[in-house]
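Spelled out, the chains give:
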4 protein chains.
Amino acid sequence: MIIVMKSQATEKQITDVINWIESVGYKAHPSSGVERTIIGAVGDNRDKAVLKYAESLPGVEKTMPILKPYKLASRESHQGDTIIPVGNLRIGGPEFIVMAGPCAIESEEQLLESAYIVKKGGGHMLRGGAFKPRTSPYSFQGMEEEGLKLLDAARKKTELPTVTEVVSPADVDLVESYADMLQIGARNVQNFALLKKVGQARKPVLLKRGMMTTIEELLMSAEYILSSGNPNVILCERGIRTFETATRNTLDISAVPVLKNLTHLPVVVDPSHAAGNYKYVIPLARAAVAVGADGIIVEVHPEPEKAVSDGAQSLKPEKYYQLMDDIRALAGALRSKAV
Amino acid sequence: MIIVMKSQATEKQITDVINWIESVGYKAHPSSGVERTIIGAVGDNRDKAVLKYAESLPGVEKTMPILKPYKLASRESHQGDTIIPVGNLRIGGPEFIVMAGPCAIESEEQLLESAYIVKKGGGHMLRGGAFKPRTSPYSFQGMEEEGLKLLDAARKKTELPTVTEVVSPADVDLVESYADMLQIGARNVQNFALLKKVGQARKPVLLKRGMMTTIEELLMSAEYILSSGNPNVILCERGIRTFETATRNTLDISAVPVLKNLTHLPVVVDPSHAAGNYKYVIPLARAAVAVGADGIIVEVHPEPEKAVSDGAQSLKPEKYYQLMDDIRALAGALRSKAV
Amino acid sequence: MIIVMKSQATEKQITDVINWIESVGYKAHPSSGVERTIIGAVGDNRDKAVLKYAESLPGVEKTMPILKPYKLASRESHQGDTIIPVGNLRIGGPEFIVMAGPCAIESEEQLLESAYIVKKGGGHMLRGGAFKPRTSPYSFQGMEEEGLKLLDAARKKTELPTVTEVVSPADVDLVESYADMLQIGARNVQNFALLKKVGQARKPVLLKRGMMTTIEELLMSAEYILSSGNPNVILCERGIRTFETATRNTLDISAVPVLKNLTHLPVVVDPSHAAGNYKYVIPLARAAVAVGADGIIVEVHPEPEKAVSDGAQSLKPEKYYQLMDDIRALAGALRSKAV
Amino acid sequence: MIIVMKSQATEKQITDVINWIESVGYKAHPSSGVERTIIGAVGDNRDKAVLKYAESLPGVEKTMPILKPYKLASRESHQGDTIIPVGNLRIGGPEFIVMAGPCAIESEEQLLESAYIVKKGGGHMLRGGAFKPRTSPYSFQGMEEEGLKLLDAARKKTELPTVTEVVSPADVDLVESYADMLQIGARNVQNFALLKKVGQARKPVLLKRGMMTTIEELLMSAEYILSSGNPNVILCERGIRTFETATRNTLDISAVPVLKNLTHLPVVVDPSHAAGNYKYVIPLARAAVAVGADGIIVEVHPEPEKAVSDGAQSLKPEKYYQLMDDIRALAGALRSKAV
């Protein structure tokens, strides 16, 4: 942490800040510039929250943190890429992974039909929600355990590994007993009780960025899971909330190379929730390949016009097949490129 | 829901949209303007998610929702102001309510000292966190039940009713057994499992707006609690996330009159978390009085320089007393005003 | 500027950065912490843009500016409050200043009637636009010089000083010849050619914050005017653009105390443009008084239902009189307060 | 425009709104639903600003615009893609166009060297700023006409058409006499005096989206140029301002397919200003190809470590050559795709 003094700070104010830094267990390294003094506060403790109080001391202009607040998630602590096995798949390796399926599991027929479409197009994993976090209490809340059973049956028939959302700590064991990967949704990205609980699970976790979560906060949420004992976390950029309303959210495509620079964890993109409209899903998925993501998670539905949720952003089968062709073409073109 | 057709939409496209609307259970009311046709979709169902799919139909330009998605929270369904009793207090009535105390409960001495300061200054309720949702897994996570016991003891000594945060559905019964009001924090505003659970509690709920939550979404989250059976919800504006970094968050002071217009529920303001710096807390709290809020929740600490969390934004006792003087002066000046 | 090295940076990388800093004319002050080295770059030059390149050097993690980039606008360079005379008025002194009038000057009758209302209510200055920056080329663009003449006539009849917007460098001399204060609108806050030109004018400038301008950028824009020779700049917070759409913009009420802390220039608030709806103008104007602003600029129209622009956010006369009563009551209550 | 009445609106209130609509020159089309009445206001006038006042009438809940406010820029008025000739180039056609060069023109040597690099890598146009809009008045403001002469000389030697920024209406004729395309920068996107002036120029205009500008507002700014007589406008997405600070701005990659859907004008991407760091420029440029943009504008500098501005985000020659290889590979892979 660096503490920047005001240009008019007195000697006594500087000394008082130094003494205060040492009273809370850090060492103070003052340094005088042309216009003002800055003081480094050095210590082992990663929780620097207490130092922020320095902003209230007389003569202090501001404080600036130096260290990254996450450790296990950082590329400094783990230089190579983490590759996460899910059945025979390897997420984070050379292959671009496509997770596809309906927003919500609605019936055995709907889910199975979706799964066969995913498989036929060349997708690698089946997605489908059994517990649905909905903005309205009056919206369909999911088939719950009944849906998990259908997901399990679809996996057995198609051999596609599955990913599904969990919304409450009390449900983690149940969901883990059916699915191959646990999804934490955007609205739960800072539900720390839930993060700690999936940190104790043995299945990998797909952690979605919240729509108002910074990249640093996303990595802190990953740190909750990693530090609770689960090393298998996949990060997912799904659009952030901005002033622009032409799309449901604004896909922060830059987050992919930024995350690749900061962390060793795999990064995937969800173009469906970002766009909110099927028309923009294919271009955004192509951008995800080109920008260097490890995969996408995309909504596909046999009959979007009958979907109970997210119909407007779900791809029909023929659009999904077209997307898979595009992905293969782009991934092929980039194969020999240094990314 | 209104469905706006493109200006070049054909007769057949218009007929197809009308047929589709009726196939999903709504009545279609088409209306032709100079440049294009618009079609109203009318029905009883409050969950209009399925209608959004119309945006994918040929010839459709966009859909626009007409109805508010919340009902119990709306002023249309309940014209008068809801006044919520907490012990002898009445939140939402003519009195401006001050909830004050430390961010986190740290020790018996720290909490008791805080409580006596709050009481001496004329505050009405004691706040203090026993379960702390922290961005970093390495930060202090709260004293948990031990902290709740200290809170209970402080209430007994000072007769101040208490409010404290609950972060997991599994803890709701425990927290309710000690506290007079349950707080849902900003990061849990769309933790629907938690909202449903506090909706079954008998104590009032202080629901904080998330930093990424629209006013409409905040009211939808209140609707979760109300529709689960708990009629006593107090809304709290605590700053939203914007591009401006001079303050921790941007206090959306306009949210107070907007909410007063849309809902019958009481609205309070948290100037401490919005500002992130004690220097701005008093002016923002004064603005909260003047804008027409029903109260504030503010962080006060006997020794902010030793606080384990939020020291920089906590008021020292003398500043808190000054704030209470200001509040009394402003509330007095406004007493005879139509708000 | 501080340059933070990566934790794995080599000795050679550190030396290379030090050499580079000195090659571009700064002195390097390295300092080694437990985990990494940081290097201060110290020099006289206020334009540190060139140093930002250090982020591209091997081994560098990030750069952090220390100095404020503005000088004349800063409270460090000018500790007391600047008080700006406009005729007999003093903006920035103990009196709370109300500038009021219609959005656009539409006719002699409309402007004069507005001016008499402003005067009757106790307002201090008359506002009214002759050059209107409109989002649409098909909207009314203002009466231009004809409007300026009407404004001048209204001033003569009511003795209210006037403020009006200028949108192009070529018009500055013309507008200055009629008005008492020049307004730079939100969309022109970084129109540097215009800022330089009003910096050469002799009349005071009301500089509105852009809807996406940071507080620091607003002060940099003020610095353009001040450094061009005009010392009389009044800053105006008028709402920023955020994800919230319930109001036209989000009034950043915290900007007032933040600016008061950073600069000696007066700060006023425009509640009309922030709210976009007359219903919220009075509460927001009251909040402006309570938070410590030096004044407001507010839209008043004798017949808002006939206004060619901004009718929805204009106050009718009786609402304006009520607002003025509220302002007097609040300002009276705060008179003896340390703000 | 649709006017939504409150559910409790009285018959008289509905009648009053209908009468008011007709008093301001529109026809009223009321329609009663289950819960409330909505009223369409139909008319020829594209400036519906006056109708917004309806929100202030008793019994009205809100107003909702139906028509797009732009006409010449819309795909409804011009279904095919506009292809803009610049010398032998065609922008908006099948070829992906690369405009490259330094941020600022600094010297004859620097510009010429840059131009030869651009040409050698296969770039199509040379960019370089002679008038620089800088946040700080103390930063380098550009070589002005001297820089334009160097740009002209570089064009003659390399035969690359040129694009350069104009910042003031008074400079438009001068800049047009030297450059092949006029650039309007992000901060001037709503400088309407400047837009009208370049609307009278004969050279094409590259219009950059402001960091606070919605897609609709960008199209309205294009409408200013088109309606002033210049049909050749190229839109440029260059990042918007959000809460995320890991990149300088957030590249809104979705804006490309959204704009392609709404307008016939070509759309290019500026990955350099969005990223603010050279490390992210190549991935973002690749995403621009994959998402369907018509080109990019990118900063290249022979020696970024000596650049007077934007050094950190400029590509070195070898990185630029690598980028051009990537672009050719991706564009090739997409050639046979329906975009």
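Keep in mind it's a predicted model, so treat the numbers as computed, not measured.

Where do I start with the overall build of chain A in this structure?
Per the secondary structure count, chain A includes ten helices and 14 strands. Across its three principal directions, the C-alpha atoms of chain A cover 75 × 45 × 40 Å. A total of 339 residues make up chain A; the buried ones form 60% of that total.

Is there a simple way to think about the domain arrangement of chain A in this case?
How big an interface is tends to be reported as the loss of accessible area on association of its parts. Considered domain by domain, chain A is made up of domain 1 (2–64) and domain 2 (84–334). Just the C-alpha atoms count here: the centres of domain 1 of chain A and domain 2 of chain A sit 44 Å apart.

Got a minute to help me understand the sheet that holds strand S8 (residues 125–127) of chain C in this structure?
In sheet architecture, strand pairing relies on hydrogen bonds along the backbone and comes in two forms, parallel and antiparallel. Residues and elements named next belong to chain C. The sheet built from eight strands closes into a barrel, its strands ordered S7-S8-S9-S10-S11-S12-S13-S14 with parallel pairing. The average angle at which neighbouring strand axes cross in this sheet is 25 degrees, direction not considered. Alignment of strand S13 (residues 267–269) against strand S14 (residues 295–299), held across two bridges, turns out to be parallel. Among the inter-strand pairings, Val-269 is bridged to a residue of S14, identified as Ile-296. The strands touched by helix H6 (residues 215–227) are strand S11 (205–208) and strand S12 (233–237); relative to S12, the strand with the most contacts, the crossing angle is about 160 degrees.

Is there a simple way to think about the relation of the copies chain D and chain A in this case?
What relates the two chain copies is a rotation about an axis together with a slide along it. Superposition of chain D onto chain A requires a rotation of 180 degrees combined with a translation of 0.0 Å along the rotation axis, giving an RMSD of 0.0 Å. Both chain copies can therefore be described as sitting about a two-fold axis. For chain D, the smallest separation between a C-alpha atom and the rotation axis is recorded for Ala-287 of chain D, amounting to 2.2 Å. Comparing contact sets, 100% of the residues at the interface of chain D also lie at the interface in chain A, consistent with an isologous, same-surface contact.

Looking at this structure, how should I read the pairing of strand S10 (residues 181–184) of chain D?
Side-chain positions along a regular strand alternate between the two faces of the sheet. All names here are of chain D. The alternating pattern of S10 places Met-181 and Gln-183 and Leu-182 and Ile-184 on opposite faces, both of which are buried. In this sheet, S10 lies alongside strand S9 (residues 162–165) in parallel orientation, the contact comprising three bridges. The partner of Glu-165 across the bridge, within S10, is Gln-183. Regarding topology, helix H4 (residues 172–178) serves as the crossover connection from S9 to the parallel S10, and that connection is right-handed. Pairing between S10 and strand S11 (residues 205–208): three bridges, direction parallel. Residue pairing across strands places Ile-184 opposite Leu-207, the latter belonging to S11. Note on the crossover from S10 through helix H5 (residues 192–198) to S11: the handedness is right-handed.

Just to check I follow, could you spell out the interface of chain D and chain C for this structure?
At the junction of the two partners, chain D supplies 43 residues and chain C supplies 44 residues. For the side of chain D that touches chain C, the secondary structure elements donating two or more residues are H5 and helix H6 (215–227) of chain D. Broken down by element, the side of chain D that touches chain C gets its largest block of residues, five residues, from H6 of chain D. Here the side of chain D that touches chain C is built from residues that sort into 22 nonpolar, twelve polar and nine charged.

What should I look at first to understand helix H9 (residues 281–291) of chain D in this one?
Count 3.6 residues to each turn of an α-helix, and residues three or four apart come out pointing the same way. Residues and elements named next belong to chain D. Counting buried positions along H9 gives eleven out of eleven residues, so the element sits mostly inside the fold. Buried residues of H9: Val-281, Ile-282, Pro-283, Leu-284, Ala-285, Arg-286, Ala-287, Ala-288, Val-289, Ala-290 and Val-291, and no others. Gly-292 lies just past H9 and shows a positive phi near 105 degrees.

Just to check I follow, could you spell out the interface of chain D and chain A for this structure?
Between chain D and chain A, the contact holds 36 residues from the first and 37 residues from the second. For the side of chain D that touches chain A, the secondary structure elements donating two or more residues are helix H7 (255–262), helix H8 (271–275), H9 and helix H10 (317–334) of chain D. It is H9 of chain D that provides the largest number of residues to the side of chain D that touches chain A, a total of seven residues. Broken down by class, the residue content of the side of chain D that touches chain A amounts to 22 nonpolar, eight polar and six charged.

Would you explain helix H10 (residues 317–334) of chain C in this entry?
Taking 1.5 Å as the rise per residue, H10 of chain C with 18 residues should run 26 Å; its terminal C-alpha atoms sit 26 Å apart, in good agreement. Inspection of H10 of chain C places Tyr-320, Leu-323, Asp-326, Ile-327, Leu-330, Ala-333 and Leu-334 of chain C among the buried residues, and these make up the whole buried set. Around the axis of H10 of chain C, the buried residues are gathered within 145 degrees of arc, so they sit on the same side. Turned more than 90 degrees from where H10 of chain C packs its buried face, Glu-318 and Gly-332 of chain C sit exposed. Tucked inside the fold, the buried residues of H10 of chain C contact helix H9 (281–291) and helix H10 (317–334) of chain B together with strand S7 (97–101), helix H2 (108–121) and helix H9 (281–291) of chain C.

Is there a simple way to think about the packing of H9 of chain C against H10 of chain C in this case?
Relative orientation and spacing of two packed helices are given, respectively, by the angle between their axes and the distance between those axes. Residue and element names in this part refer to chain C. At a closest axis distance of 10 Å, the pairing of H9 and H10 adopts a crossing angle of 25 degrees. By the angle between their directions, the pair H9 and H10 is classed as roughly parallel. Here the hand of the crossing between H9 and H10 comes out right-handed. Listed contacts from H10 to Ile-282, Ala-285, Arg-286, Val-289 and Ala-290 of H9 are Lys-319, Gln-322, Leu-323, Asp-326, Ile-327, Leu-330 and Ala-331. Looking at the contact of H9 with H10 residue by residue, the class counts come to eight nonpolar, one polar and three charged.

What should I look at first to understand the pairing of strand S14 (residues 295–299) of chain A in this one?
Residues and elements named next belong to chain A. With respect to burial, S14 is a largely interior element, five of its five residues being buried. Residues Gly-295, Ile-297 and Glu-299 line one face of S14 and the alternating positions Ile-296 and Val-298 line the opposite face, and both faces are buried. Both strand S7 (residues 97–101) and S14 contribute to a ladder of five bridges, which runs parallel. Considered in S14, the bridge of Ile-97 is made with Gly-295.

I tried to follow the environment of Gly-142 of chain C on my own but got confused; where do I start?
All names here are of chain C. Inspection of the secondary structure puts Gly-142 in the loop between S8 and helix H3 (145–158). Placed 143 residues apart in sequence, Gly-142 and Ala-285 show a C-alpha to C-alpha distance of 27 Å. Sequence-distant contacts of Gly-142, defined by excluding residues within four places in its chain, comprise Ala-104, Gly-129, Ala-130, Phe-131, Lys-132 and Gly-147.

Is there a simple way to think about the relation of the copies chain D and chain C in this case?
Least-squares fitting of chain D to chain C yields an RMSD of 0.0 Å, with the superposition described by an axial translation of 0.0 Å and a rotation of 180 degrees. In this assembly, 100% of the residues forming the interface of chain D have copies in chain C that are likewise at the interface, indicating an isologous arrangement.

Sorry, what's going on with the sheet that holds strand S1 (residues 2–5) of chain D here?
Residues and elements named next belong to chain D. One open sheet holds the four strands; their spatial order is S2-S3-S1-S4, and the pairing between them is antiparallel. The sheet is open, and its two edges are formed by strand S2 (27–32) and strand S4 (60–64), each paired on a single side. For this sheet, the mean inter-axis angle between neighbouring strands, taken without regard to orientation, is 20 degrees. Where S1 and strand S3 (residues 37–42) come together, three bridges link them in antiparallel fashion. Its bridge partner being in S3, Val-4 is matched across the sheet by Ile-38. Relative to the sheet, helix H1 (residues 11–23) contacts S1, S2, S3 and S4, its axis offset from that of S2 by approximately 155 degrees.

In this structure, what is going on with the environment of Tyr-70 of chain C? I would like to understand it.
Relative to the elements of secondary structure, Tyr-70 of chain C occurs in the loop between strand S4 (60–64) and strand S5 (84–86). The residues touching Tyr-70 of chain C, leaving out its near neighbours within four places in the chain, are Leu-219, Met-220 and Glu-223 of chain C.

Can you walk me through the confidence of the model for chain A in this structure?
Detailed reading of predicted coordinates is not advised where the pLDDT is low. Of the residues in chain A, 97% reach a pLDDT of 70 or more, and the chain-wide mean stands at 93. Under the prediction, the complex receives an ipTM of 0.93, its pTM being 0.94.

Calculation criteria
Residues numbered from 1 in each chain as written. Chains lettered and ligands numbered in written order. Predicted model: local features only at pLDDT ≥ 70, side-chain atom pairs only at ≥ 80, totals over all residues. Helix = DSSP H or I, 4+ residues; strand = E, 2+ residues; numbered from the N terminus. Buried ≥ 20, exposed ≤ 12 C-beta atoms within 10 Å, placed from the backbone. Domains from an automatic or database assignment. Pairing = 2+ DSSP bridges. Axes fitted to C-alpha atoms, helices over the stretch in contact; angles between N-to-C directions. Contact = placed C-beta atoms within 7 Å. Least-squares fit on C-alpha atoms with pLDDT ≥ 70 in both. Right-handed = clockwise from strand over helix to strand, strands pointing away. Nonpolar A, V, L, I, M, F, W, Y, C, P; charged D, E, K, R; others polar. Expected span 1.5 Å × (residues − 1). Arc of directions from axis to C-beta. Parallel < 35°, antiparallel > 145°, perpendicular 65-115°, else oblique. Left-handed = near helix turned anticlockwise from the far one by under 90°. pLDDT = per-residue confidence, 0-100.

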